[in-house]
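Chain by chain, the residues run as shown.
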Amino acid sequence: MDVTTKPKTATAVPAHALARPTREEAEAAVRTLIAWAGDDPTREGLLDTPRRVTKAYGEFFAGYGQDPGQILSKTFKEVGGYDDIVLVKDIPFSAHCEHHMVPFFGKAHIAYLPHDGVVGISKIARLVEAFSKRLQVQEVLTAQIIDAINEHLNPRGAAVLLEAEHMCMSIRGVRAHGAQTVTQRFTGVFAEEKSEQDRFFEMIRRR
Ligand SMILES: [Zn+2]
């Protein structure tokens, strides 16, 4: 594989070409966008909006400050011999598409077959958070989640399925309200054995 096309490791946070702007600069940029939308950023109802938007960005994009390797660093070896599928399903997530900076949101289903121990199940949800609270593409988000699980948990196999609605498709463009985008990726035993994939799908569907 050519070095220039080599994917970043799962833990990598993108390098910045620009220094991080100050909060004042960020608020000024929001005022510019309000004016671009056609409104008056100095009218009363909008005066505090730049402050609120920059604060909200702290939540929308908190993932840049979170390290997936750290989240998955603590594993438990004493599992009473348990070696079957660990599935955490219906993990709600919201991200922002990197093309339009509008939300896409849905559910993540994540499974792995333990080999070197298991991780606390809440850490799986935190892993999704670390990657989804960034500017994202659903396909990349799917790959980053499974790559991090493989890298840090060394499982016999992993399976990730994401289903999401993209606001950039439902409130603009084709306005396909309710359309769901599904992405999935399998590694190890889940990639090699269709019966394991089928078990994953069956467990996701089970209510
Ligand atoms: Zn988009």
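The preceding data block contains the structure.
Residues numbered from 1 in each chain as written. Predicted model: local features only at pLDDT ≥ 70, side-chain atom pairs only at ≥ 80, totals over all residues. Heavy atoms only, no water.

J.: Even after reading the chapter, I still don't get the packing of helix H4 (residues 121-132) against helix H5 (residues 138-153), so can you show me in this structure?
T.: The packing of two helices is summarised by the inter-axis angle and the distance between the axes. Closest axis-to-axis distance for the H4/H5 pair is 10 Å, and the angle between their directions is 135 degrees. It follows that H4 is oblique to H5 by the angle criterion. Seen along the crossing, H4 lies across H5 with a hand that is right-handed. Contacts from Leu 127, Val 128, Phe 131 and Ser 132 of H4 reach H5 at Leu 141, Gln 144, Ile 145, Ala 148 and Ile 149. A per-class count over the contact of H4 with H5 returns seven nonpolar, two polar and no charged. (Axes fitted to C-alpha atoms, helices over the stretch in contact; angles between N-to-C directions. Helix = DSSP H or I, 4+ residues; strand = E, 2+ residues; numbered from the N terminus. Parallel < 35°, antiparallel > 145°, perpendicular 65-115°, else oblique. Left-handed = near helix turned anticlockwise from the far one by under 90°. Contact = heavy atoms within 4.5 Å. Nonpolar A, V, L, I, M, F, W, Y, C, P; charged D, E, K, R; others polar.)

J.: Quick question: what am I supposed to make of the pairing of strand E2 (residues 86-97) here?
T.: Regular strands show a simple pattern: their side chains alternate between the two faces of the sheet. For E2 and strand E3 (residues 103-113), the ladder comprises nine bridges, and the chain directions are antiparallel. In the sheet register, Leu 87 faces E3, and the bridge partner there is Ala 111. Here E2 hands over to E3 after five residues, with Met 101 in that stretch at a positive phi of 55 degrees. Pairing of E2 with strand E5 (residues 135-136) involves two bridges; the strand directions are parallel. From the neighbouring strand, Cys 97 faces E5, where its bridge partner is Gln 136. (Pairing = 2+ DSSP bridges.)

J.: Would you explain the nonpolar core in this entry?
T.: Among soluble globular proteins, nonpolar side chains are generally buried collectively. If you look at the biggest cluster of nonpolar residues, it comprises 31 residues, and the most contacted ones within it are Phe 93, Ile 110, Tyr 112, Ile 145 and Ile 149. Put simply, the parts of the chain that give this core at least two residues each are E2, E3, strand E4 (118-119), H4, H5 and strand E6 (157-166). In this structure, Ala 159, Leu 161, Val 189 and Ile 204 belong to the second largest nonpolar core, which totals ten residues. (Core = buried A, V, L, I, M, F, W, Y, C linked by side-chain atoms within 4.5 Å. Buried < 20%, exposed > 50% of the residue type's maximum accessible area, 1.4 Å probe, protein only.)

J.: Even after reading the chapter, I still don't get the coordination of the zinc ion, so can you show me in this structure?
T.: Each pair of donors in an ideal octahedron of six around a metal sits at 90 or 180 degrees, and each pair in an ideal tetrahedron of four sits at 109.5 degrees. Around the zinc ion, the protein contributes the donor atoms Cys 97 (SG), His 100 (ND1) and Cys 168 (SG), at 2.2 to 2.3 Å from the metal centre. Spacing between the donor residues of the zinc ion along their common chain follows C-x2-H-x67-C. For Cys 97, a relative accessible area of 5% translates into the label buried. (Donors = N, O, S within 2.8 Å, 3.2 Å for Na, K, Ca; no water.)

J.: Before we go on, may I ask you to explain the packing of aromatic side chains in this structure?
T.: Applying the stated rule across the entire model yields nine aromatic pairs. Pairing Tyr 57 with Phe 60 gives two aromatic rings, centres 6.1 Å apart and planes at 50 degrees, and the pair type is tilted. Of this pair, Tyr 57 and Phe 60 both sit in helix H2 (residues 49-60), three residues apart, roughly one helical turn. Note on Tyr 57: relative accessible area 37%, which makes it partly exposed. Judged by relative accessible area, which is 34%, Phe 60 ranks as partly exposed. Aromatic side chains Phe 61 and Tyr 64 sit 6.5 Å apart centroid to centroid with 35 degrees between the ring planes, which places their arrangement in the tilted category. In this structure an aromatic cluster arises from ring pairing among Tyr 57, Phe 60, Phe 61 and Tyr 64. (Phe/Tyr/Trp six-rings, centres within 6.5 Å; stacked < 30°, edge-to-face > 60°.)

J.: Would you explain the pattern of salt bridges in this entry?
T.: Side-chain pairs of opposite charge can arise whenever the charged atoms involved come near each other. Applying the stated criterion to the full structure yields seven salt bridges. As a salt-bridge pair, Arg 43 and Asp 39 come within 2.8 Å of each other at their nearest N and O atoms. With a relative accessible area of 34%, Asp 39 lands in the partly exposed category. The shortest N-O distance in the salt bridge between Arg 199 and Glu 196 comes to 3.2 Å. Placement of both Arg 199 and Glu 196 in helix H8 (residues 194-205) is noted, with a separation of three residues, approximately one turn of the helix. Its relative accessible area of 14% is what places Glu 196 among the buried residues. Connected via shared salt-bridge partners are Asp 84, Glu 196 and Arg 199. (Salt bridge = Lys/Arg side-chain N within 4 Å of Asp/Glu carboxyl O.)

J.: What is the right way to look at the sheet that holds E2 in this model?
T.: Note: strands within a sheet are paired through backbone hydrogen bonds, in either parallel or antiparallel orientation. Reading across from one edge, E5-E2-E3-E6-E7 is the order of the five strands in this open sheet, with mixed pairing throughout. Taken across any chain shown, the strands that pair with only one partner, and hence form the sheet edges, are E5 and strand E7 (181-188). For E3 and E6, the ladder comprises ten bridges, and the chain directions are antiparallel. Its bridge partner lying in E6, His 109 is registered against Leu 161. In the packing of H4 onto the sheet, the strands contacted are E2, E3 and E5, and the crossing angle to E2 comes to about 20 degrees.

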